[in-house]
Amino acid sequence: MPSIKLRDASVAFPIYNSRSRSLRSSLLARVGGTVQADDDGAVTVRALQNITLDLAPGDRLALVGHNGAGKSTLLRVFSGAYEPSTGAAEIKGRVSSLLDMTMGMDMELTGADNVVLRGVFLGMSIAEARSRIPEVEEFSELGGFMHLPMRTYSSGMRLRLAFAISTARVPDILLMDEFISVGDQTFARKARERLEHMIDNARIMVLASHSAQMIRQYCNRAILLQGGCVAREGAVDEILAAYQQGQQP
Amino acid sequence: MDDLLAGFGAWQMWLLLGLNDIRQRYKRSRFGQFWITLSTGIFVAGIGIVYAYLFNHPVDEYIPYLSVNIVFWTLVAGILTDSTTVFTQAGHYLGQQALPKTAFVMRVLVRQLLVLAHNVVIIVLVYLAFGVALPATAAFVLPALVVLLLAAFLAAITIGLLCTRFRDLPQIIQSLLQVAFFLTPIMWRVEQLGDKAHYIVGYNPFAIFLMLVVEPLHGKWPSWDLYGRAFVIIAIMALVAAPLFARFRARIVYWL
């Protein structure tokens, strides 16, 4: 059964090339995690601090917070890319993150080659990814462009292709940074339907967003992040209200 | 250890990545990936002719000797050079998704083995041109290559890890490789050194692994002494690489 368990998890980045010289200026910064200097003068950015969290099937979690509050870092902990520097994170189930859909794509390769490459990163075998090419071609409406190098694509076409392959399979755990909208009106509608199908069928979904409307529509739990800490946890409306209150002091 | 198994398990990923590295690098050039062959060939021809006269060796004996050495040195140097950027190059992937780190080490090995496959053409051409017959011992290249790759895998993990944390190391390793090129019997023969050869060749890991692979092609039977030395070095490397990787594997992402 897919689940995510965080126990007292913290993420701290050591910044080796910036000494405490620049500490004063970063302390004045109003966004971002906590910046600290160690005894030896090395600077660490504490992006997340002591997060304890349990997610079970059926959970649709919204991450709320201003820029630099730690939303994206937390998503990356969920994806398994960052193992917490202290504390523990246990992630069970196949994760698919739509954080960077074009990850692993190569501009010199053709669209079809990229489908295979991206597919393999999503956990498919080469043969399976190859068998998805016609489906992706049809959904992305790229037609003859599938067999041209990706550098000839417009940015919209690249996103269409990336979206089509990234959403080809429903994962156990779905991670999203802002709700994705791709392409022109007709394609955006189609993409939205496909994404909603994915959200409905994924066992656990986490969405980091600033849009109250999206969060109300898709989520059933929320946490408010502030400076890398969980400031509040609870029902969607309660957290959104707290967030909006914090926005207008 | 889990990472190691997962890394091998993701063989389709590193095979594809390694293949694409080569494909992408030469995608838009006319000769494509045969530039690998061509540039090594030019190097062998240039060095071969100059040094044959310098050392007073007959060209038809020296060039076959040199071409084999250069081709396999290119493999060794290529793996070590690429391993300095193995994780920094993959930063984009590692920051997004939970992926076995060793898969990217395997990618480097695949990439360099493909380069080797292109360079082997040179040995074939040189042997044909100078009418050299393949010695009976040539088949022993294959087990030697396996031993070499085992060592290369361990070296690449260690170098990759350290180079991600200490960004001055890639430059240092580059310069060391240049020195190693001259301290290893590539352009010269061990016999030319006389009695002192033992100190430069016997304890030089580059020389040991290179000789392991190239000597069968020069018509020598594999020696237990050489294999023994190679396995001692591998054991030492494993003792360094394993705890280092176990301790700092999770930190790689934080250093990127």
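Chain B appears in an unreviewed UniProt entry as ABC-type polysaccharide/polyol phosphate export permease from Chelatococcus sambhunathii. Heading Subcellular location (unreviewed entry) of the UniProt record for chain B holds this comment: "Cell membrane". The record in UniProt for chain B states the following under Sequence similarities (unreviewed entry): "Belongs to the ABC-2 integral membrane protein family."

The name recorded for chain A in an unreviewed UniProt entry is Sugar ABC transporter, from Chelatococcus daeguensis. Looking at chain A in UniProt, the text filed under Sequence similarities (unreviewed entry) is "Belongs to the ABC transporter superfamily."

Engineer: Break down the pattern of salt bridges for me, with residues and values.
Structural biologist: Residues and elements named next belong to chain A. Tallied over the entire structure, the rule returns 22 salt bridges over all chains. We note a salt bridge from Arg132 to Glu135, for which the minimum N-O separation is 3.8 Å. Glu135 sits in the partly exposed class, given a relative accessible area of 34%. Arg216 serves as the salt-bridge partner of Asp237, at 2.8 Å between the closest nitrogen and oxygen. With Asp237 in helix α9 (residues 236–247) and Arg216 in helix α8 (residues 212–218), the pair connects residues that are 21 residues apart, well separated along the chain.

Engineer: Could you give an account of the pairing of strand β8 (residues 204–208) of chain A, with specific residues and numbers?
Structural biologist: All names here are of chain A. Most of β8 is tucked away: five of the five residues are buried. With burial as the criterion, each face of β8 is covered, one bearing Ile204, Val206 and Ala208 and the other bearing Met205 and Leu207. In terms of handedness, the path from strand β7 (residues 173–177) via helix α7 (residues 185–201) over to β8 forms a crossover that is right-handed.

Engineer: Please give an account of the UniProt feature "transmembrane region" (unreviewed entry) in chain B that cites residues and values.
Structural biologist: Residues and elements named next belong to chain B. As annotated in UniProt, the feature "transmembrane region" (unreviewed entry) corresponds to residues 34–56, 62–80, 113–134, 140–163, 196–214 and 226–246 in the numbering used here. The distance from the first to the last C-alpha atom of residues 62–80 is 27 Å, and the span holds 100% helix and 0% strand. Helix makes up 77% of residues 113–134 and strand 0%. Its end C-alpha atoms lie 21 Å apart.

Engineer: If you had to explain the interface of chain A and chain B to someone new, which residues and values would you point to?
Structural biologist: Accessible area lost upon the coming together of the parts serves often as the stated size of an interface. Across the contact, 30 residues belong to chain A and 25 residues belong to chain B. Considering only the side of chain A, the residues that lose the most area to chain B are Glu83(A), Met103(A) and Phe121(A), jointly responsible for 24% of the buried surface there. The interface formed by chain A and chain B holds two salt bridges in total. In this structure, Asp113(A) and Arg23(B) form a salt bridge, with 3.7 Å as the shortest nitrogen-oxygen distance. Where chain A meets chain B, there are six residue pairs in polar contact (both at pLDDT 80 or more). Elements with a minimum of two residues in the side of chain A that touches chain B: β1 (3–19), α2 (71–79) and α3 (111–121) of chain A. For the side of chain A that touches chain B, the class distribution of residues is 17 nonpolar, six polar and seven charged.

Rules used throughout
Here, residues in each chain are numbered from 1, in the same order as that chain's written sequence. The lettering of chains begins at A and the numbering of ligands begins at 1, in the order of writing. Given that this is a predicted model, residues contribute local features only at a pLDDT of at least 70 and side-chain atom pairs are listed and counted only at 80 or more, while totals for whole chains, interfaces and linings are drawn from all residues. Side-chain metrics in this entry use all non-hydrogen atoms of the structure; hydrogen atoms and water are not considered. UniProt positions are given in the numbering used here, feature names are shortened, and annotations may be inferred rather than shown by experiment. A side-chain nitrogen of Lys or Arg and a carboxyl oxygen of Asp or Glu constitute a salt bridge if their distance falls within 4 Å. Whether a residue is buried, partly exposed or exposed follows from its accessible area with a 1.4 Å probe, protein chains only, as a fraction of its type maximum: under 20%, in between, or over 50%, in that order. Counting from the N terminus, the helices are DSSP H or I runs at least four residues long and the strands are E runs at least two residues long. Crossover handedness is defined by viewing with both strands directed away from the observer: a clockwise path from the first strand over the helix to the second marks the crossover as right-handed. Residues are treated as being in contact if the distance between any of their heavy atoms lies within 4.5 Å. Accessible surface is computed with a 1.4 Å probe, and the buried area is the amount of it that two parts give up when combined, taken over both parts together. Think of a polar contact as two N or O atoms within 3.5 Å of one another; within protein, one of them needs to be a possible hydrogen donor and the other a possible acceptor, and neighboring residues in sequence only count if both atoms come from side chains. In this classification, the charged set is Asp, Glu, Lys and Arg, the nonpolar set is Ala, Val, Leu, Ile, Met, Phe, Trp, Tyr, Cys and Pro, and all remaining amino acids, among them Gly, are polar.

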